[in-house]
2 protein chains.
Amino acid sequence: MFFKVKTSEEVLEILKGFGPSGDEKISIELALGRTLSRDVLAPENLPGFYRSSMDGYAVRAKDTFGATESLPALLDLTGEVIMGQRPDIIVRPGTAVKISTGGMLPEGADGVVMLEYSHPLDEKTIEISHAISPLENVIQPDDDFKKGKTVLEKGHTLRPQDLGVMSGLGISRVSVFQRPKVAIISTGDEVVPIDQRPEPGQVRDINSYTLSAFCRQAGAEPINLGLCGDNFEQLKDTVKQGLDRADTVWISGGSSVGTRDLTLKVFETFDNMELLVHGISISPGKPTIIAKIGSRAIFGLPGHTASAMVVAEVFLAPFLAGLSGERALSGTSYEVEAELSRNIESASGRDDYLRVRLEKKGDGLMAEPIFGKSGLISTLVEAHGLLRVDRNTEGLYQGQKVRVMVFNPIKGGSG
Amino acid sequence: MFFKVKTSEEVLEILKGFGPSGDEKISIELALGRTLSRDVLAPENLPGFYRSSMDGYAVRAKDTFGATESLPALLDLTGEVIMGQRPDIIVRPGTAVKISTGGMLPEGADGVVMLEYSHPLDEKTIEISHAISPLENVIQPDDDFKKGKTVLEKGHTLRPQDLGVMSGLGISRVSVFQRPKVAIISTGDEVVPIDQRPEPGQVRDINSYTLSAFCRQAGAEPINLGLCGDNFEQLKDTVKQGLDRADTVWISGGSSVGTRDLTLKVFETFDNMELLVHGISISPGKPTIIAKIGSRAIFGLPGHTASAMVVAEVFLAPFLAGLSGERALSGTSYEVEAELSRNIESASGRDDYLRVRLEKKGDGLMAEPIFGKSGLISTLVEAHGLLRVDRNTEGLYQGQKVRVMVFNPIKGGSG
């Protein structure tokens, strides 16, 4: 078999080739975290009328020209704007009308004097101690959005404020990319379901739970195809089922060479299979296989949960973002800066992803690498994130500032 | 009325006084993003048996002592460990048994020689070219977790790997704090429901949508009590309903002084009301009111959506984390470092929260402040995050490195 070990960068580039499978129109109440499949345009001007941005008095700006603390302008108070109504009063020269923030500017007025600069002399007269220019403290009809303007772009992932803005524009349904569907298969003769008591030599299924939750966290829909022994025909059927039902298939291997070989053999039974990656030059996570079957990516992941999670954080997260149609501002992933607690030697030729614990230290953070035997899962719960030690570095030093990819403590993902 | 304007720090300290209201036991499949209300202890040893961490040969370490490339040890191959089964073979002196990663160590063996250091001579004999020490490449029964050991602590918010580890330990249900319930009320005579066409002078309800989504994103459960005009009795009844049904009540005001006064008047009708905050020395967001009624916090938020969102990001996010029982590692909020694109003057006496756009610049990010009239919502969708200009600073300079609180592009929150 020819050599397909790739670097992280090559793998990320390959994964960029996979995009979203389709879109759908949904209510904005369900759209939090979804990614737009089309630009959203303003269907109308917003706010649509001249609106005061302050509490104060609607006036003709001209009437305030030259007004100062020592030489105030005197205006006749002729009424008040009622919130939520078109005012039936007209501001004529020499007059003022009381207005609240958000109120509609009455005809004739072209500016608002803030409450702070106005002093009622009696019920009918106010003193203005500050000149305003035309349109001061006024929001114009299309100041917020002009009809037809792009409000949000295709590829944007919707945040609370985006939903708010759409509701403000009367947009109650929106086109978003479909959530990627991920078929998850756990393999290995030694793996038993979580509700079964393992006999000596057996372990419970960890990867199905971890990877399903990882998918939900990333906004994808996991389809758990359950456990599959190290049996060629059974695995082949299960993968086929995954390809039928999902946009991508993830097989988390038993971690033995035998299981990995089996996964590859099953891949090879598909006519239109193209092997893209056979090994990645990272640690942990090296024994990762990626193939393309038709238009779908299919992954053979390491069996060790800790290794599978590194592959998930580093490669599957951006892969799912791509399947979601997300056009993220890169460089804003959840990284924090921290001071390294000890020297780290670099293993040449591969990128090491160390699990690290973050501790507060003064105003900043200290990153403490967690070491442990390969195959342990306890190191996973102790870690707050991953520290990448690049294959081209000669090592990292105690006290050095490093960037840590923080495991996402995302909430709202279990619904 | 006495002076209750507080600094950000004072407000955050006050909000720490509110904690979770109760807990519940749920399936781990629903527990992503939830916060533990009790420590999780290991109910058994994990893995529970001696387990190989490598593909290779189970041997007696003693038999390999002194073995080198030039002087290998010769061992009799007597069988193979079947995955998921207790081996019925015994490793006697001078013998070796083939074993895969994750396989159970046979009786008699105390270490595993990696495949790389073993060369089969014929079907019955292998050559070992590397000495191992006892327990090398072996995971002991309690290496991962010792029975009774704390696996995850109370206050920890559950990530995918935490669910995986619990499944590995056979823990299928877990005690978590209840999701905080948030009653949301929009006020203002000028506000109409989203599906209604606003007349001149009217605007659609934005805050209900924004704040509801903000709650879902933070793992809280919004209870939308709808619109309430500037009507004392109606608002009082709606607040009462909110106090009955939720852990906290958020009233997003019309932004006029009149509406704010009304909110305060309604607060004052409750016997056990204690006014905690009447104004915060920040901009935007100053006209925020916080009171305690019984054990519940009740908020009067600014009517401008942009201001309400600043208050939400800065104060309501940690408040909800507190109600969720979360013991977050502070300092790891979603902040990124960026270079400031221009000079910023500081307004003395208050903390300014500027909306900023982040743009890639070389390897890093550039933070570009977005300015706009007060009351606009378009600035909200353009911004990627908030930049705090501390009240004690003399300003920020172009080219200076600043930290930006990134608006959370959280996914998986709409289910």
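Preceding block: the structure.
Each value, and the rule that gives it
Residues numbered from 1 in each chain as written. Chains lettered and ligands numbered in written order. Predicted model: local features only at pLDDT ≥ 70, side-chain atom pairs only at ≥ 80, totals over all residues. Helix = DSSP H or I, 4+ residues; strand = E, 2+ residues; numbered from the N terminus. Buried ≥ 20, exposed ≤ 12 C-beta atoms within 10 Å, placed from the backbone. Contact = placed C-beta atoms within 7 Å. Least-squares fit on C-alpha atoms with pLDDT ≥ 70 in both. Nonpolar A, V, L, I, M, F, W, Y, C, P; charged D, E, K, R; others polar. Core = buried A, V, L, I, M, F, W, Y, C linked by C-beta atoms within 7 Å. Pairing = 2+ DSSP bridges. Axes fitted to C-alpha atoms, helices over the stretch in contact; angles between N-to-C directions.

### Looking at the environment of A:Pro134
Residue and element names in this part refer to chain A.
Then comes step 1: Topologically, Pro134 is positioned in the loop between strand E9 (125-128) and strand E10 (138-139).
Then comes step 2: We classify Pro134 as exposed; it has 10 C-beta atoms within 10 Å.
Then comes step 3: Residues Pro134 and Ser346, spaced 212 residues apart in sequence, show a C-alpha to C-alpha distance of 66 Å.
Then comes step 4: For Pro134, the contacting residues outside a window of four places in its chain are Ala61, Asp110 and Gly111.

### So, the relation of the copies chain B and chain A
Then comes step 1: Superposing chain B onto chain A takes a rotation of 180° plus a shift of 0.0 Å along the axis, which leaves an RMSD of 0.1 Å. Taken together, the rotation angle and the small translation identify this as a two-fold axis.

### Side note on the interface of chain B and chain A
Then comes step 1: With 96 residues of chain B in contact, the opposing surface of chain A contributes 96 residues.
Then comes step 2: Tallying contributions element by element places helix H2 (residues 160-168) of chain B first for the side of chain B that touches chain A, with 8 residues.
Then comes step 3: The residue inventory of the side of chain B that touches chain A, partitioned by class, reads 39 nonpolar, 38 polar and 19 charged.

### Topic: the nonpolar core
Then comes step 1: In this structure, A:Tyr57, A:Ala58, B:Trp250, B:Ala367 and B:Val404 are the most contacted members of the largest nonpolar core, which totals 113 residues.
Then comes step 2: A per-element tally of this core places helix H6 (residues 305-323) of chain B first, with 13 residues.
Then comes step 3: With residues near it in sequence (within four places) discarded, B:Ala367 still touches B:Ala338, B:Glu339, B:Leu340, B:Ser341, B:Val356, B:Leu358, B:Leu387, B:Val402 and B:Val404.
Then comes step 4: Residues A:Leu211, A:Phe214, A:Cys215 and A:Ala218 belong to the second largest nonpolar core, which totals 112 residues.

### Overview of the pairing of strand E25 (residues 364-369) of chain A
All names here are of chain A.
Then comes step 1: One ladder, built from 2 bridges, connects strand E22 (residues 335-340) with E25; its direction is parallel. When the sheet's bridge partners are listed, Glu339 is paired in E25 with Met366.
Then comes step 2: Across 6 bridges, strand E24 (residues 351-361) lies against E25 in antiparallel orientation. The residue bridging Lys361 from the neighbouring strand is Gly364, located in E25.
Then comes step 3: Between E24 and E25, which pair antiparallel in sequence order, lie 2 residues; one of them, Gly362, sits at a positive phi of approximately 60°.

### Section: the sheet that holds strand E21 (residues 296-301) of chain A
All names here are of chain A.
Then comes step 1: Pairing is mixed in the open sheet, where 6 strands are placed in the order E16-E13-E17-E21-E20-E18. Every other strand in the sheet has two partners, leaving strand E16 (221-228) and strand E18 (273-278) as the edge strands with one partner each. Neighbour-to-neighbour, the strand axes of this sheet turn through a mean angle of 20°, independent of strand direction.
Then comes step 2: One ladder, built from 5 bridges, connects strand E20 (residues 289-293) with E21; its direction is antiparallel. Within E21, the position partnered with Ala291 by the bridge is Ile298.
Then comes step 3: Strand contacts of helix H5 (residues 257-268): strand E13 (181-187), strand E17 (248-252), E18, E20 and E21, with the helix running at about 165° to E21, the strand carrying the most contacts.

### Considering unusual backbone geometry
Then comes step 1: Put simply, A:Ser283 and A:Pro284 share a cis peptide bond, and its omega is -5°.
Then comes step 2: Tracing the backbone shows A:Pro284 in the loop between strand E19 (282-283) and E20.
Then comes step 3: Of note in the backbone geometry, B:Leu135 takes a positive phi value of approximately 75° without being a glycine.
Then comes step 4: Tracing the backbone shows B:Leu135 in the loop between strand E9 (125-128) and strand E10 (138-139).
Then comes step 5: Classification of B:Leu135 as partly exposed rests on a count of 16 C-beta atoms within 10 Å.

### Points about helix H3 (residues 207-217) of chain A
Then comes step 1: Here H3(A) lies mainly inside the structure; 11 of its 11 residues are buried.
Then comes step 2: Among all positions of H3(A), only A:Asn207, A:Ser208, A:Tyr209, A:Thr210, A:Leu211, A:Ser212, A:Ala213, A:Phe214, A:Cys215, A:Arg216 and A:Gln217 are buried.
Then comes step 3: Looking at the buried residues of H3(A), the elements they touch are E13, E16, E17 and helix H6 (305-323) of chain A together with H2 of chain B.
Then comes step 4: One or two steps after H3(A), the chain reaches A:Gly219, where phi turns positive at roughly 85°.

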